[in-house]
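Fold and geometry: a report
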Amino acid sequence: MSDVLIRANNLSVHFPLSRVGFGERPVVRACEGINIEIEKGSFFGLVGESGSGKTTLGRAMLKAAPISNGEVIYTDDDITYDLGTLKGPELKEYRKRAQLIFQDPYAALSPRMTVRDIIAEPLEVMGLTSSREETDTRVREIADLCRLNLEHLRRFPHAFSGGQRQRISIARALVSGPKFIVADESVAALDVSIQADVLNLLNKIQRDSGITFLFISHDLSVIAHTCDFVAVMYLGQIVEAAPTRKLFSETSHPYTKALLSAIPSLDPDVRGHAQRLEGEIPSPINPPPGCRFNTRCPQAQERCRSEVPEWREMSSGHHVACHFSEELA
Amino acid sequence: MTAPLISVKDLTLRFKTDEGLVTAVNTVSFDIASGEVLGLVGESGSGKSVTAKSLMMLNADNSVYDEGSKIILNIDDREHDVLSLKRPAEQMIIRGGAISMIFQEPMASFAPAITIGDQMVEQLMIHSTMTRAEAREISIEMLTRVGIPEPAQRFGQYAFEFSGGMRQRAMVAMALSTKPRLLIADEPTTALDVTIQAQVIELMKDLVKEFHMSILFITHDLGVIAQTADRVAVMYLGNIVETGTVRQVINSPAHPYTRGLLNSLPKLDDLDSPLTPVPGDIPSPLDRPSGCIFHTRCVESGDIAEKCRTEIPVDSIDNASHQVACHLARQGDQA
């Protein structure tokens, strides 16, 4: 078992809403009771529909979302940070170590800064370099890693295509020398032919530099190809987590099964075999009692409507939250 | 053989811009038969949407159609030359009449300050002789048909009260309520989650059967195409580079670009195969490559690279239904 870089213990993120009339103030339960451990140097995938709380969880791990309950612990070398109470110089140090790559490469880059300035900005803000020469050397080094040439550095973002812009975003995230990167839907806005290129680049960076990735995506086939470990999220909770191969060969949660069968098959002769999931994801303000998936689950029984399923280990490293996983597997 | 529902011949469309004429669509030809689903695939910037919009004359005012371009619509044994319809009154035959369209972004397609019901009734009253009460009845019936629960209440709600999947269903209901002969679906499932996408695809398939409509299905997702289309046309930089039945194109792709698209797709049943991107980026339409438009990114040209750079490949016909614009296919080099 290798070291754990960052772990969430019973993490909840709640966003209170404004009161409507009298009574209790409604709360959006974006994440509830999350337990995950991300190993050092791994490529951790987080998958789920929109509204499942993937992004919120990713942000909580960067201390960019409020931690309402539980804790997030970052451990590296001899430092341990409890993100809930982190502030001041320690928070600044954590910001150098943890970075974010956004979904939309068109919105994430300032149109009025050259690519060189965009990549250099974190260095200047964090005071990581002492002279302009040093900054330039570092920017060139990182740009080269992300296959951007000197000519590119002088231009503005509008001159680049989606794939190139995403490489610029990646370079910006890498420049401060982080240990942990959250990539939030980083290929969702790209064409498939370009998507493969960016995925290969991220995988290469992880292999070469040992950076730990939390890769958030709604696309299970992308996750399957890039990640070592996958957690499946539904309505603010993790319903199944396992090493990638195990998740696909021994799928144990009905939601994971439904997600898998909803992916359109490339074979025109295999049509209409999808195990269709009825309805849509319920509101996180008022999640259903018992198992949160019970309103859409084809196997739901009485017990699922009243009793919250336990987060239990099926086999080594494979966790699931379902009453009836044994019967499903 | 009966005439196809719609026949596009040598469609060339340019846009007047400050930087000169931009060719968005270049000598594109295809037919859609009655009851057929044609899938149009390509990357962003390949001209898919512009091609579809020209079927309804929806392109912006700065668009210029070339002399030879022809779009013929056959309805009720009459031929209509779509591109010659200039006045809005004449265009009613196509817009909301024979052709309806579903757009990618379901939030942007509905007016935010008018109820869904009023929008459905409005278009029905414009395109038919129905009374308001009849139109209301038909709209609610269509909402029921696309699986929206409590349609009578939903009818009086606004677009923001609908979820993404439901908005797209309402969009389908609205597009089909005028009983069009051809439905143009422009990336209808791209903004949706996979589980909802599966529901919408299922729904569209059912409706095609029921109403015996044709669909022009535009998407960049080959998986979605494999699940829905009868025939496929692959577009690259304004040209159709390959057409064939869905089995021909997906199972034995003949154009290097189609192969590239298929190879770059992550496949669940083969996790060990590496993802191979199509190298480089789609060139600017202002600066179209000479010869074969794909030669700047093609990895298969090899010995005949010079020929690809200078000579425009003609459609080589593999058999009647499978056509490819590639010099390699000519040499019988088919995968």
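Everything numeric here is computed off the predicted structure, so don't read it as measured data.

**Comments concerning the overall build of chain A**
Regarding its fold elements, chain A presents 12 helices and 12 strands. Taken over C-alpha atoms, the radius of gyration comes to 21 Å for chain A, in line with the 20 Å a tight globule of 329 residues would show. Considered along the principal axes of its C-alpha atoms, chain A spans approximately 70 × 55 × 45 Å. Burial analysis of chain A (329 residues in total) assigns 53% to the buried set. The contacts in chain A between residues at least 6 apart in sequence include a share of 64% that link residues at least 24 apart. Between the averaged position of the 37 positive side-chain charges in chain A and that of its 42 negative side-chain charges there is a distance of 5 Å.

**What about the interface of chain B and chain A?**
In this assembly, 45 residues from chain B lie in contact with 39 residues from chain A. Contact with chain A buries area across many residues of chain B, yet Gln-227, Leu-268 and Leu-271 of chain B alone supply 18% of it, more than any other trio. Our count for the chain B to chain A interface comes out at one salt bridge. For Arg-247 of chain B, the salt bridge identified is with Asp-269 of chain A, shortest N-O distance 2.5 Å. At the junction of chain B and chain A, the tally comes to nine residue pairs in polar contact (both at pLDDT 80 or more). Those elements that place two or more of their residues in the side of chain B that touches chain A are α7 (164–176), α8 (194–211), α9 (222–228), α10 (246–251) and α11 (256–263) of chain B.

**Description of the domain arrangement of chain A**
All names here are of chain A. Split into domains, chain A comes out as domain 1 (4–234) and domain 2 (253–329). Taking the mean C-alpha position of each, domain 1 and domain 2 sit 28 Å from one another. Taken residue by residue, the interface counts 18 residues in domain 1 and 15 residues in domain 2. Both faces considered, domain 1 and domain 2 share a buried interface measuring about 1400 Å² in area, 66% of it formed by carbon and sulfur atoms. Applying the counting rule to domain 1 against domain 2 returns two salt bridges. Close ionic contact of Glu-49 with Arg-296 constitutes a salt bridge, the shortest N to O distance being 3.0 Å. Taken together, domain 1 and domain 2 are joined by three residue pairs in polar contact (both at pLDDT 80 or more).

**Looking at the pattern of salt bridges**
Taken as a whole and assessed by the stated rule, the structure comprises 33 salt bridges over all chains. In this structure, the salt-bridge partner of Asp-136 of chain A is Arg-116 of chain A, at a minimum N-O distance of 2.8 Å. Taken together, the residues Asp-136 of chain A in helix α4 (residues 132–145) and Arg-116 of chain A in helix α3 (residues 115–126) connect sequence positions 20 residues apart. One salt bridge in this structure joins Arg-87 of chain B and Glu-90 of chain B, with 3.9 Å as the shortest N-O distance.

**Looking at α3 of chain A**
Within α3 of chain A, burial applies to Val-115, Arg-116, Ile-118, Ile-119, Ala-120, Pro-122 and Leu-123 of chain A. Residue Gly-127 of chain A follows α3 of chain A closely and has a positive phi angle near 60 degrees.

**Section: the sheet that holds strand β4 (residues 69–76) of chain A**
Residues and elements named next belong to chain A. Judged by pairing direction, the sheet is antiparallel, and its four strands sit side by side in the order β2-β1-β4-β5 without closing on themselves. For this open sheet the edge positions go to β2 (27–39) and β5 (79–82), each flanked by a neighbour on one side alone. Averaged over neighbouring strand pairs, the angle between their axes works out to 15 degrees when direction is ignored. Strand direction decides the pairing type here: β4 and β5, joined by four bridges, are antiparallel. Looking at β5, one finds that Ile-73 is bridged to Asp-82. Across the sheet, helix α2 (residues 88–97) is in contact with β1 (4–16), β4 and β5; its angle to β5 comes to roughly 105 degrees.

**Remarks on unusual backbone geometry**
If a residue is not glycine, its phi is most likely negative; likewise, a peptide bond is most likely trans. Residues and elements named next belong to chain B. The phi torsion at Thr-27 lies on the positive side, around 35 degrees, for a residue other than glycine. Within the secondary structure layout, Thr-27 lies in strand β2 (residues 20–32). Assessed through its relative accessible area of 46%, Thr-27 is described here as partly exposed.

**Observations concerning the packing of aromatic side chains**
Evaluated as defined, the whole model comprises 13 aromatic pairs over all chains. Centre to centre, the rings of Phe-43 of chain A and Phe-215 of chain A are 5.7 Å apart; their planes meet at 45 degrees, and the pair counts as tilted. Here Phe-215 of chain A lies in strand β8 (residues 212–217) and Phe-43 of chain A lies in strand β3 (residues 43–47), a separation of 172 residues in the sequence. The residues Phe-43 of chain A and Phe-215 of chain A share a single accessibility class, namely buried. For the ring pair Tyr-236 of chain B and Tyr-257 of chain B, a centre distance of 4.7 Å and an interplane angle of 55 degrees mean the geometry is tilted. You can see Tyr-236 of chain B sitting in strand β10 (residues 231–236) and its partner Tyr-257 of chain B sitting in helix α11, a full 21 residues away along the chain. Tyr-257 of chain B matches Tyr-236 of chain B in its accessibility class, with the two residues each being buried. Within the aromatic cluster, the residues linked to one another by ring pairs are Phe-43, Phe-213 and Phe-215 of chain A. Its guanidinium or amino end placed over the ring of Phe-162 of chain B, Arg-154 of chain B lies 5.2 Å from that ring's centre, counting from NZ or CZ.

**Some details on the nonpolar core**
Nonpolar side chains in soluble globular proteins generally cluster together in the buried interior. Counting residues in hydrophobic clusters, the biggest one holds 68 residues, and the most contacted among them are Ile-119, Ile-168, Ile-170, Leu-174, Leu-202, Phe-215 and Tyr-255 of chain A. If one sorts the elements of this core by residue count, helix α7 (residues 192–209) of chain A sits on top with seven residues. Looking at this core, you find at least three residues from each of domain 1 (4–234) and domain 2 (253–329) of chain A. In this structure, Phe-215 of chain A is in contact with Phe-43, Phe-44, Gly-45, Leu-46, Ala-183, Val-187, Leu-199, Leu-202, Val-222, Ile-223, Thr-226 and Cys-227 of chain A, ignoring residues within four places of it in sequence. Counting 61 residues, the second-largest nonpolar core is a separate cluster that includes Val-146, Phe-162, Val-172 and Ala-185 of chain B.

**A few points about the side chain of Thr-189 of chain B**
Residues and elements named next belong to chain B. With respect to the element layout, Thr-189 can be found in the loop between β8 (182–186) and α8. Polar contacts involving the side chain of Thr-189 include one to the side chain of Gln-197, which spans 3.4 Å. Once residues lying within four places of it in the same chain are set aside, the contact partners of Thr-189 are Gln-197, Val-200, Ile-201 and Val-224.

**Some thoughts on the sheet that holds strand β10 (residues 237–243) of chain A**
Residues and elements named next belong to chain A. Taken in spatial order, the eight strands line up as β6-β7-β8-β3-β9-β10-β12-β11 in an open sheet, and their pairing is mixed. Lying at the two open borders of the sheet, with one neighbouring strand each, are β6 (98–101) and β11 (312–315). Between one strand axis and the next, the sheet turns by 20 degrees as a mean value, whatever way the strands run. Pairing of β3 with β8, which is carried by five bridges, proceeds in the parallel orientation. Looking across to β8, one finds that Phe-44 is bridged to Leu-214. Against the sheet, α7 touches β3, β6 and β8, its axis set at about 155 degrees to β8. With respect to the sheet, helix α10 (residues 254–262) is in contact with β9 (229–234) and β10, its orientation differing from that of β9 by roughly 100 degrees.

**Examining the state of the cysteines**
Inspection of every chain in the model, using the stated rule, returns zero disulfides over all chains. Looking at the unpaired Cys-146 of chain A, the closest cysteine sulfur is the one in Cys-227 of chain A, lying at 18 Å. For Cys-146 of chain A, a relative accessible area of 0% puts it in the buried group. With no disulfide of its own, Cys-298 of chain B has Cys-308 of chain B as its nearest cysteine by sulfur position, at a separation of 6.2 Å.

Conventions and cut-offs
- Residues numbered from 1 in each chain as written.
- Chains lettered and ligands numbered in written order.
- Predicted model: local features only at pLDDT ≥ 70, side-chain atom pairs only at ≥ 80, totals over all residues.
- Heavy atoms only, no water.
- Helix = DSSP H or I, 4+ residues; strand = E, 2+ residues; numbered from the N terminus.
- Rg over C-alpha atoms; globule rule 2.2 N^0.38 Å.
- Buried < 20%, exposed > 50% of the residue type's maximum accessible area, 1.4 Å probe, protein only.
- Contact = heavy atoms within 4.5 Å.
- Lys, Arg positive; Asp, Glu negative; His and termini not counted.
- Charge placed at Lys NZ, Arg CZ, Asp CG, Glu CD.
- Buried area = accessible area lost by both parts, 1.4 Å probe.
- Salt bridge = Lys/Arg side-chain N within 4 Å of Asp/Glu carboxyl O.
- Polar contact = N/O pair within 3.5 Å; in protein donor to acceptor, adjacent residues only side chain to side chain.
- Domains from an automatic or database assignment.
- Pairing = 2+ DSSP bridges.
- Axes fitted to C-alpha atoms, helices over the stretch in contact; angles between N-to-C directions.
- Phe/Tyr/Trp six-rings, centres within 6.5 Å; stacked < 30°, edge-to-face > 60°.
- Lys NZ or Arg CZ within 6 Å of the ring centre and 35° of its normal.
- Core = buried A, V, L, I, M, F, W, Y, C linked by side-chain atoms within 4.5 Å.
- Disulfide = S-S within 2.5 Å.

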